[in-house]
Amino acid sequence: MNTQPNQEYLRRQYRDSSNLSARAGLHARFSTEEYPWFHWVFDHLDIPENGRVLELGCGTGLLWRENLGRIPHGWVVTLSDASQGMVQEVEQSLLHTGLQFTFEVVDAQSIPYEKHSFDVVIANHMLYHVPDLARALSEIRRVLQPGGSLYATTVGLNHMAELRRVPRKLGIGTLDSSEQTIAQFNLDNGAGELTQWFAEVEVECKKSTLVVTEAAPLVEYIMSYICLSDGEAVELHAYFDREIQCKDAFRITTESGIFKVAKEAQPRH
């Protein structure tokens, strides 16, 4: 199976924040997890007092927006994304916080910074989107200083499986490119990819459940990654209405995690 992300699919997906917002909204409203995901991720970050941080694929900046009160003023944070639209949106939301944020359009396969520019690189649910993963990891290694860290979040192969299988079951929509994308870098194979470039790799996983009691957010989520006709959307909505009426809710397993990766303090020979 070809696991390379489809670039036209990605351009459509991340032209602006609408698709990401549909997905984030479903998790925010219906998760049974009391501790928010972005707080959990932030807890894992070990950044020096005056650390230089690069986030690749920052999206709408939720990691930072949801932890504003926890960010030291000494951190110098570059928020980057391959999408100009995303960068514009995150700049508008964080520019006036008084914190040391800068905003750049960056391709993770060709990071426009000097060697050893950062203490920490963050890649939050984005490495599975990169067409040339090895090239991106090489670039991340290059811009990290010796002893620096990469924090990379991703999902497991069973993440949202109950929801993803519904369009196939009904025979509606176009090919689900999200599964091909996730196959490139996930909780099962991510360590193998990372150990080719970094000395130390640890992973911590987090499972939870969404208990969804409304059909519309489920349809919006699916429409954020699959093209549906108006008739197919109506069919999908009716299916979820029946499931929720019969079972009181539509339950979805979530499976996410974070890789904590260290670059060796001394150069490899």
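See the structure shown above.
Residues numbered from 1 in each chain as written. Predicted model: local features only at pLDDT ≥ 70, side-chain atom pairs only at ≥ 80, totals over all residues. Heavy atoms only, no water.

A. Structural view of the nonpolar core. Core analysis: the biggest nonpolar cluster contains 28 residues, and Leu 56, Val 121, Leu 127, Ile 140, Leu 150 and Phe 185 have the highest contact counts within it. Elements supplying a minimum of two residues to this core: β1 (52-56), β4 (118-124), α6 (133-143), β5 (144-155) and β7 (250-262). With 5 residues, the single largest contributor to this core is α6. Beyond its immediate sequence surroundings of up to four residues, Leu 150 is in contact with Val 121, Ala 123, Leu 137, Ile 140, Leu 144, Leu 194, Phe 198, Phe 259, Lys 260 and Val 261. Phe 38, Leu 62, Trp 75 and Phe 103 belong to the second-largest nonpolar core, a separate cluster that totals 25 residues. (Core = buried A, V, L, I, M, F, W, Y, C linked by side-chain atoms within 4.5 Å. Buried < 20%, exposed > 50% of the residue type's maximum accessible area, 1.4 Å probe, protein only. Helix = DSSP H or I, 4+ residues; strand = E, 2+ residues; numbered from the N terminus. Contact = heavy atoms within 4.5 Å.)

B. A look at the pattern of salt bridges. All chains considered together, the criterion is met by 9 salt bridges. We note a salt bridge from Asp 119 to Arg 52, for which the minimum N-O separation is 3.2 Å. Here Asp 119 is found in strand β4, whereas its partner Arg 52 is found in strand β1, with 67 residues between them in sequence. Judged by its relative accessible area of 11%, Asp 119 is buried. For Arg 141, the salt bridge identified is with Glu 264, shortest N-O distance 2.6 Å. Taken together, the residues Arg 141 in helix α6 and Glu 264 in the segment after β7 connect sequence positions 123 residues apart. (Salt bridge = Lys/Arg side-chain N within 4 Å of Asp/Glu carboxyl O.)

C. Representation of the sheet that holds β7. Taking strand neighbours across the sheet as the criterion, the 7 strands line up as β3-β2-β1-β4-β5-β7-β6 in an open arrangement whose pairing is mixed. The open sheet has two free edges, formed respectively by β3 (100-105) and β6 (200-212), since each of these has just one partner strand. Averaged over all pairs of adjacent strands, the angle between strand axes in this sheet comes to 15°, irrespective of strand direction. Examined bridge by bridge, β6 and β7 share 13 bridges and lie antiparallel to one another. Paired with Val 212 across the bridge in β7 is Phe 250. (Pairing = 2+ DSSP bridges. Axes fitted to C-alpha atoms, helices over the stretch in contact; angles between N-to-C directions.)

D. Inspection of the side chain of Asp 119 at higher detail. Here Arg 52 takes part through its backbone nitrogen, which lies 2.7 Å from a polar atom of the side chain of Asp 119. In contact with Asp 119, other than residues within four places in its own chain, are Pro 48, Asn 50, Gly 51, Arg 52, Leu 144, Gln 145, Gly 148 and Ser 149. (Polar contact = N/O pair within 3.5 Å; in protein donor to acceptor, adjacent residues only side chain to side chain.)

E. The arrangement of the packing of helix α10 (residues 215-223) against helix α11 (residues 230-247) in detail. Packing of α10 against α11 brings their axes to within 9 Å, and their N-to-C directions diverge by 135°. Put simply, α10 runs oblique to α11. α11 is crossed by α10, and the crossing has right-handed handedness. Of α11, the residues touching α10 (which contributes Ala 215, Ala 216, Leu 218, Val 219, Ile 222 and Met 223) are Ala 233, Leu 236, His 237, Phe 240, Asp 241 and Ile 244. Tallied by class, residues from the contact of α10 with α11 come to 10 nonpolar, 1 polar and 1 charged. (Parallel < 35°, antiparallel > 145°, perpendicular 65-115°, else oblique. Left-handed = near helix turned anticlockwise from the far one by under 90°. Nonpolar A, V, L, I, M, F, W, Y, C, P; charged D, E, K, R; others polar.)

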